[in-house]
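Summary of the model geometry
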Amino acid sequence: MITLAPAASANWRDIARVRAADGQHEWVAETTYYLCLSAYDGLWRSYAILDGDATVGHVMWAVDPEDKGHWIGGLVIDAEHQGRGLGRATVEVLLDLWEREEPALSGTAYREAALSVSPDNEAAVGLYRSLGFVRTDEDMDDEIVMRRTRA
Ligand SMILES: CC(C)(COP(=O)(O)OP(=O)(O)OC[C@H]1O[C@@H](n2cnc3c(N)ncnc32)[C@H](O)[C@@H]1OP(=O)(O)O)[C@@H](O)C(=O)NCCC(=O)NCCS
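Figured I'd write up the structure that's included with this text. Note that this is a predicted model, so its numbers are computed, not measured. (Residues numbered from 1 in each chain as written. Predicted model: local features only at pLDDT ≥ 70, side-chain atom pairs only at ≥ 80, totals over all residues. Heavy atoms only, no water.)

**Some details on the side chain of S46**
Residue position: S46 is located in strand 2 (residues 45–51). For S46, a relative accessible area of 5% translates into the label buried. Separated by 3.4 Å, the side chain of S46 and the backbone oxygen of Y34 make a polar contact. Sequence-distant contacts of S46, that is, excluding residues within four places in its chain, are made with A5, P6, A7, Y34, L35, S38, H58, V59 and M60. (Helix = DSSP H or I, 4+ residues; strand = E, 2+ residues; numbered from the N terminus. Buried < 20%, exposed > 50% of the residue type's maximum accessible area, 1.4 Å probe, protein only. Polar contact = N/O pair within 3.5 Å; in protein donor to acceptor, adjacent residues only side chain to side chain. Contact = heavy atoms within 4.5 Å.)

This is the structure in structure tokens:
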């Protein structure tokens, strides 16, 4: 249903146009910030979320050098496209990608997925919980950390 395309010269403008809905901006940064993080910080990899040819969102991932977990970050489905199963499909595609392709992609075997999320972001917490992520006792800034051991 969806595919992921690495951010590149051909698609970064489309990713930069992805916007969360009013009321959601406290939970995520602008996608331009995520693009810069991926371009300059040397850790994260940004992707366009494609529904057919249409760019409907952004997601990035990285392997934490300390805990070796596969972290999901910057998941934003454009406001116009939310509630159609695209966020769920994106996380499922990432988990499947790591199961099939790691350690060839990052050099690290895939053992655990991880993410941080604001505890009052009910839609996101519900989504991650339904996919098997479990809240840990870790905090990251004002966010909780959820982890999911490889099935
Ligand atoms: C969170 C987000 C990625 C979900 O993407 P989406 O495509 O709208 O969600 P989906 O249609 O795939 O729904 C998946 C699940 O999310 C939850 N969900 C989605 N919208 C919801 C809402 N308005 N209220 C409560 N739960 C909701 C449900 O658990 C849903 O499960 P279901 O499929 O059984 O109904 C999207 O709302 C978004 O981009 N929000 C703004 C940015 C953000 O908060 N990102 C997460 C940062 S950690």
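**Notes on the site of the ligand**
Around the ligand, a shell composed of 21 residues is seen, among which L75, I77, G85, G87 and N121 lie nearest. Between G87 and the ligand, the recorded distance is 2.8 Å, taken from a backbone N or O atom to an oxygen atom. Contact between the ligand and R88: an oxygen atom at 2.9 Å from a main-chain N or O atom of the residue. Relative to its free-state accessible area of 920 Å², the ligand is covered by the protein chains to the extent of 70%. Going through the elements one at a time, strand 4 (70–77), helix 3 (86–101), strand 5 (112–117) and helix 4 (122–130) are the ones with two or more residues in the shell around the ligand. With 5 residues, the single largest contributor to the shell around the ligand is helix 4. (Near = heavy atom within 4 Å. Areas by Shrake-Rupley, 256 points an atom, 1.4 Å probe, with all protein chains shown as cover.)

**Observations regarding the packing of aromatic side chains**
Applying the stated criterion to the full structure yields 4 aromatic pairs. Relative to Y34, the ring of Y33 lies with its centre 5.9 Å away and its plane at 70°, an arrangement referred to as edge-to-face. Residues W98 and Y110 carry aromatic rings whose centres are separated by 5.4 Å and whose planes lie at 55° to one another, so their mutual orientation is tilted. Of the two residues, W98 is situated in helix 3 and Y110 in the loop between helix 3 and strand 5; the sequence distance between them amounts to 12 residues. Y110 gets classed as buried once you look at its relative accessible area, which sits at 3%. Each member of the aromatic cluster is reached from another via a ring pair, and the members are W61, W98 and Y110. (Phe/Tyr/Trp six-rings, centres within 6.5 Å; stacked < 30°, edge-to-face > 60°.)

**Overview of the sheet that holds strand 2**
Read from one edge of the open sheet, 7 strands run 1-2-3-4-5-7-6, paired in mixed fashion. Of all the strands in the sheet, the pair left with one neighbour each is strand 1 (3–6) and strand 6 (134–140). Averaged over all neighbouring strand pairs, the angle between strand axes comes to 35°, with direction disregarded. Of the strand pairs in this sheet, strand 1 and strand 2 are connected by 4 bridges, and their pairing is antiparallel. Within strand 2, the residue paired with L4 across the bridge is I49. (Pairing = 2+ DSSP bridges. Axes fitted to C-alpha atoms, helices over the stretch in contact; angles between N-to-C directions.)

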